[in-house]
Amino acid sequence: MDLRDTPEEAAFRQEVREFIGQNLPDGSARRGARRFEDADREWSRRLGAAGYAGLTWPKEYGGAGAPYSHQAIFLEELARAEAPSHLGVIGLGMAGPTIMAWGTPEQKERYLSKILMADEIWCQGFSEPDAGSDLAASRTRIEDKGDHFLVNGQKVWSSFAHIADFCILVGLGDPDAPRYKNLTYVIVDMHAPGVEVRPLVQITGQPEFNEIFFTDVKVPKENLLGQVGEGWQVAMTTLLHERGTLGFALAATLDVAVRKLLALAKERNVTDPILRDRVAREWVELQALKYTNYRSLTTLTKTGIPGPEGSASKLVWSENNQRLTKLALEILGSHAHLSDGGGYADGYWQDQQLRSRGNTIEAGTSEILRNIVAERVLGLPRSR
Amino acid sequence: MDFSFSPEQEDLRREARAFLEANPSPSMEQLTELGWVGILRSGDFSFLDAAVIFEELGRVLYDGPYVLNEVAAQPGDDVWSIEIDGFVPHLEKVTRVLTADMQGTGAAGETVATVDESLGLGRLSANGTEPAEGTWEDVRRRLLAALALEAVGIGSRATEMALAYAGGREQFGRKIGSYQAIAHSLVDAYVAVELSRSLAYWAAWSVAEQDEQVDLAVAAAKSQAAEAAVLACEKSIQAHGGIGFTWEHPLHRYYKRALWLEGALGYGREHRAQIADSLLS
Ligand SMILES: Cc1cc2nc3c(=O)[nH]c(=O)nc-3n(C[C@H](O)[C@H](O)[C@H](O)COP(=O)(O)OP(=O)(O)OC[C@H]3O[C@@H](n4cnc5c(N)ncnc54)[C@H](O)[C@@H]3O)c2cc1C
């Protein structure tokens, strides 16, 4: 056991730190603010060009082929600088890994490097009005018309769809096949005729996710991922990656929030022992998440399989973030109700606290994640 | 970055687990034969080796002075305990006692009745003292880390007992572990214990390496691990129903030890107050 950087890791950390110092554009959006500005795209491009966007991706797909420890270090350094993350969250975290696992050589060639460079933005079309947690109930039709697929239906809660160029779409391929064998997974061009995006305003007042309507959308055959009827398996690959490669990105987000919380507590000169206790607890919880991720990472490095303890990272992170942001509002006192923060952090905490309520819903609700840990990690009998 | 125990330490864990399952209450003589006594004083082992043993002892609810004797790390053949919050665990099983002013004193005094009957708490009577080796700062760090590791052992065992029970017991024609109210509550126990395990190992490493963050690490680990152990025991008792509430079932003994650990050297809030002082200064 050695929790310090190896000399090689330390050198990489130094390199990342220098890169961030020299390249973070002024006026790049505050981390946590989710307005997409030109500066964000420029920053994402620089990350892609320097090889940081796809650190763990193989070199042949434009990645750096680096070990996961580099990914962890990179994310820690981003958090330390409170720098925004890459704009292409869905492409990097979900579409890319899914294409790497299931895609044809042509698909890999066509899509992967553009994800890294933020040249093309992706969205995820999984949830439907009547199929949320129960993804297998998806009803959007992906009909095989011989020389193309014809897509009809509706998706909902689709983040980034309003700025996206492509969508990873799961839908009903064969209505007569049994559950789990009836789904098909395709890549859809968001600029194709028949695709309509309607932004939905969230609890924060910002339109971050959308409805997508598909009306007779023609999708070329070469956009199929996996086989017709294999959509469920392909989707599982996506979801595995959605919940975070070992949760380092989540820990980095929480790291930023804890740094800001400590700064706020100092700025407001918090002396109340109960508030101080709660501030300290959030710091402790962050360390627990971080070191649990390291434990899981070491297991992955040594055995090729991440340790089971990491499976709860998203669950833990979401609840920590909700508690922490509420604590920040309590520290703000009456300023908590002023949407611009009344001079404190520009409304950051008001926005973050409301946004945090989505954390236990998106990417698998906490109830579903507890089911998964209970059944797959703890081996408890299935609930159905 | 390598956050795992060495293959030798994993061997030691296996050996310890097998031995302790057969001998949950070993004598100091048995432990000496195993070569476990004095490992912190010998230059050949690190606190991480001791950490493995401390956690395994927690799992079987070990009821002797070994851990405190190691943490005190005094020269000579005496068996030592440490006065904690005014009381001396296992007073009748030791020959000397270390106090926070770093004095060693003869183990004379009276044993008191305790909720956790395996603690053997005693109150020291006034008797001659002589200066002990080392600093209280170091002893306290080792002690906090050791208590955290013991708590991790207890929390893991309590969770395992609940999982085994919930996987077997049926009501309304179904395994009770298939009910989400039970399953999710055990997930929370598991997650809390695993998170605190990471903190406890971090603390153990920080003690071994005298890392600059050691005081934060041991405070975080002790507070979190003891609270997680209490939580795991409480969820386990609930998942067991009536049988978990009996004297006959071992759970209550785990619970009582966890409750003692939670308060030993200060409840969580006292450690968090220190953490806050350090972070907000
Ligand atoms: C901010 C945000 C961004 C999102 N982005 C995307 C995106 O980009 N693409 C996309 O496809 N989707 C996205 N989603 C949708 C998200 O994946 C779904 O909201 C989620 O899967 C839950 O589905 P639902 O909303 O239909 O709720 P439901 O599945 O109807 O769930 C309602 C409640 O019932 C509970 N429940 C359901 N089934 C069970 C069960 N078996 N056991 C116990 N409790 C259960 C749930 O936990 C929840 O509390 C996003 C959601 C949010 C909030």
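These numbers come from a predicted model, not from an experiment. (Residues numbered from 1 in each chain as written. Chains lettered and ligands numbered in written order. Predicted model: local features only at pLDDT ≥ 70, side-chain atom pairs only at ≥ 80, totals over all residues. Heavy atoms only, no water.)

Another aspect to go through is the overall build of chain B. Per the secondary structure count, chain B includes nine helices and eight strands. Here the C-alpha radius of gyration of chain B, 19 Å, is about what a compact globule of 281 residues would show, namely 19 Å. In terms of overall dimensions, chain B has a C-alpha envelope of 65 × 40 × 40 Å along the principal axes. Split into buried and exposed, the 281 residues of chain B put 58% on the buried side. Taking the intrachain contacts of chain B between residues at least 6 apart in sequence as the baseline, contacts between residues at least 24 apart amount to 65%. Carbon and sulfur atoms make up 50% of the accessible area of chain B, which totals about 11,500 Å². (Helix = DSSP H or I, 4+ residues; strand = E, 2+ residues; numbered from the N terminus. Rg over C-alpha atoms; globule rule 2.2 N^0.38 Å. Buried < 20%, exposed > 50% of the residue type's maximum accessible area, 1.4 Å probe, protein only. Contact = heavy atoms within 4.5 Å. Areas by Shrake-Rupley, 256 points an atom, 1.4 Å probe, with all protein chains shown as cover.)

Turning our attention to the confidence of the model for chain B. With 100% of its residues at a pLDDT of 70 or more, chain B has an overall mean of 97. Prediction confidence for the complex, expressed as pTM and ipTM, is 0.96 and 0.97 respectively. (pLDDT = per-residue confidence, 0-100.)

In this section: the layout of surface pockets. Roughly 860 Å³ of internal volume is contained in the second largest pocket. Glu76(A), Lys290(A), Tyr291(A), Tyr294(A) and Gln213(B) are, among the 31 residues lining the second largest pocket, the residues nearest its centre. Of all the secondary structure elements, the ones that give two or more residues to the lining of the second largest pocket are α1 (7-23), α3 (68-80), α7 (248-267) and α8 (273-303) of chain A together with α6 (180-209) of chain B. (1 Å grid on protein atoms, 1.4 Å probe; cavity = no way out; pocket = protein on both sides within 12 Å on 5 of 7 lines; lining within 4 Å. Points joined across faces, edges and corners; volume = space filled by probe spheres on them.)

All right, on to the interface of chain B and chain A then. Contacts between chain B and chain A engage 43 residues on the former and 43 residues on the latter. With both sides pooled, the region where chain B packs onto chain A buries about 4,200 Å², and carbon together with sulfur makes up 66% of that total. The three residues of chain B that bury the most area against chain A are Met1(B), Phe3(B) and Leu280(B), which together make up 20% of that side's buried surface. Between the two partners, chain B and chain A, sit seven salt bridges. We note a salt bridge from Arg276(A) to Asp277(B), for which the minimum N-O separation is 2.8 Å. Taken together, chain B and chain A are joined by 21 residue pairs in polar contact (both at pLDDT 80 or more). For the side of chain B that touches chain A, the element with the highest residue contribution is α6(B), accounting for 17 residues. For the side of chain B that touches chain A, the per-class residue count stands at 22 nonpolar, 10 polar and 11 charged. (Buried area = accessible area lost by both parts, 1.4 Å probe. Salt bridge = Lys/Arg side-chain N within 4 Å of Asp/Glu carboxyl O. Polar contact = N/O pair within 3.5 Å; in protein donor to acceptor, adjacent residues only side chain to side chain. Nonpolar A, V, L, I, M, F, W, Y, C, P; charged D, E, K, R; others polar.)

Below, the discussion takes up the environment of Ala100(B). Mapped onto the fold, Ala100(B) is located in the loop between β2 (96-98) and β3 (103-106). It is 5.9 Å that separates the C-alpha atoms of Ala100(B) and Trp136(B), two residues lying 36 residues apart in sequence.

Moving on to the pairing of strand β4 (residues 166-172) of chain A. Residues and elements named next belong to chain A. Of all seven residues in β4, seven are buried; the element is thus mostly enclosed. The pairing of β4 with strand β5 (residues 183-189) spans seven bridges and is antiparallel. Residue pairing across strands places Gly171 opposite Thr184, the latter belonging to β5. (Pairing = 2+ DSSP bridges.)

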